[in-house]
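# Per-entry structural report
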Amino acid sequence: MFERGGIRVGVIGAITTGTARMAFEENIRGIEFAPIAPQVEKYRKILEEEKDCDLVFLVVHEGLPHSSRLEEDWEELVDRSKRGELRLEEAADGLELAH
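Computed from a predicted structure; not experimentally measured.

Moving on: the overall build of the chain. In terms of helices and strands, the chain carries five helices and four strands. Reading the secondary structure of the chain in the N-to-C direction produces β-β-α-α-α-β-α-α-β. Within the chain, buried positions represent 25% of all 99 residues. Considering only contacts in the chain between residues 6 or more positions apart, those separated by 24 or more positions represent 70%. If you sum the accessible surface of the chain, you get close to 7000 Å²; carbon and sulfur atoms cover 51% of it.

Structure representation (structure tokens):
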């Protein structure tokens, strides 16, 4: 979280759960790789309600090729969005998509 020009900005960062299978163990020891959608919701709520952020940006690195877990994570996001439980465009004030 940071403040610029009187605007409080929160940033949520997330990475594919597949990182646990592709990174060197010594580089990720002690790090938990949880599904992205519930974590984004949890921290967005904290930033908006408890930290009083005016803007929340979401930075996500997804894209491990041929990962069934990646497909499951993405399908969960899409399914939840279709059911109206999660709207990515409402999960954050800014969303950058690129790879």
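The method is simple in principle: a probe with the dimensions of a water molecule rolls over the atoms, and the space it marks as empty is what remains. Estimated volume of the second largest pocket: approximately 200 Å³. If you list the elements that add at least two residues to the lining of the second largest pocket, you get β2 (7-15) and α3 (36-50). Partitioned by chemical class, the residues of the lining of the second largest pocket number ten nonpolar, two polar and one charged.

On to the nonpolar core, then. In terms of nonpolar packing, the biggest core is built from seven residues, these being Ile 12, Ile 36, Val 40, Leu 47, Cys 53, Val 56 and Leu 58. Those elements that place two or more of their residues in this core are α3 and β3 (55-61). Top element by residues in this core is α3. It accounts for three residues. Other than its neighbours up to four places away in sequence, Cys 53 contacts Met 1, Arg 8, Val 9, Gly 10, Leu 47 and Glu 48.

A contiguous nonpolar patch, built from Phe 2, Val 11, Phe 57 and Val 59 and spanning about 330 Å² of accessible area, is present on the exposed surface. With respect to the helices and strands, the residue Phe 57 is situated in strand β3.

With respect to the helices and strands, Thr 19 occurs in helix α1 (residues 19-22). The exposure class of Thr 19 is buried, given its relative accessible area of 7%. Separated by 42 residues in sequence, Thr 19 and His 61 have C-alpha atoms that sit 9.9 Å apart. Once you skip the residues sitting within four places of it in the chain, Thr 19 turns out to touch Ile 28 and Phe 33. Within polar-contact distance, the side chain of Thr 19 engages the backbone oxygen of Thr 16 at 2.9 Å.

Conventions we followed
Residues numbered from 1 in each chain as written. Predicted model: local features only at pLDDT ≥ 70, side-chain atom pairs only at ≥ 80, totals over all residues. Heavy atoms only, no water. Helix = DSSP H or I, 4+ residues; strand = E, 2+ residues; numbered from the N terminus. Buried < 20%, exposed > 50% of the residue type's maximum accessible area, 1.4 Å probe, protein only. Contact = heavy atoms within 4.5 Å. Areas by Shrake-Rupley, 256 points an atom, 1.4 Å probe, with all protein chains shown as cover. 1 Å grid on protein atoms, 1.4 Å probe; cavity = no way out; pocket = protein on both sides within 12 Å on 5 of 7 lines; lining within 4 Å. Points joined across faces, edges and corners; volume = space filled by probe spheres on them. Nonpolar A, V, L, I, M, F, W, Y, C, P; charged D, E, K, R; others polar. Core = buried A, V, L, I, M, F, W, Y, C linked by side-chain atoms within 4.5 Å. Patch = residues over 30% accessible without salt bridge, like charges linked within 9 Å, V, L, I, M, F, W, Y side chains within 5 Å. Salt bridge = Lys/Arg side-chain N within 4 Å of Asp/Glu carboxyl O. Polar contact = N/O pair within 3.5 Å; in protein donor to acceptor, adjacent residues only side chain to side chain.

Treat this as a map of the structure, not an account of what it does.
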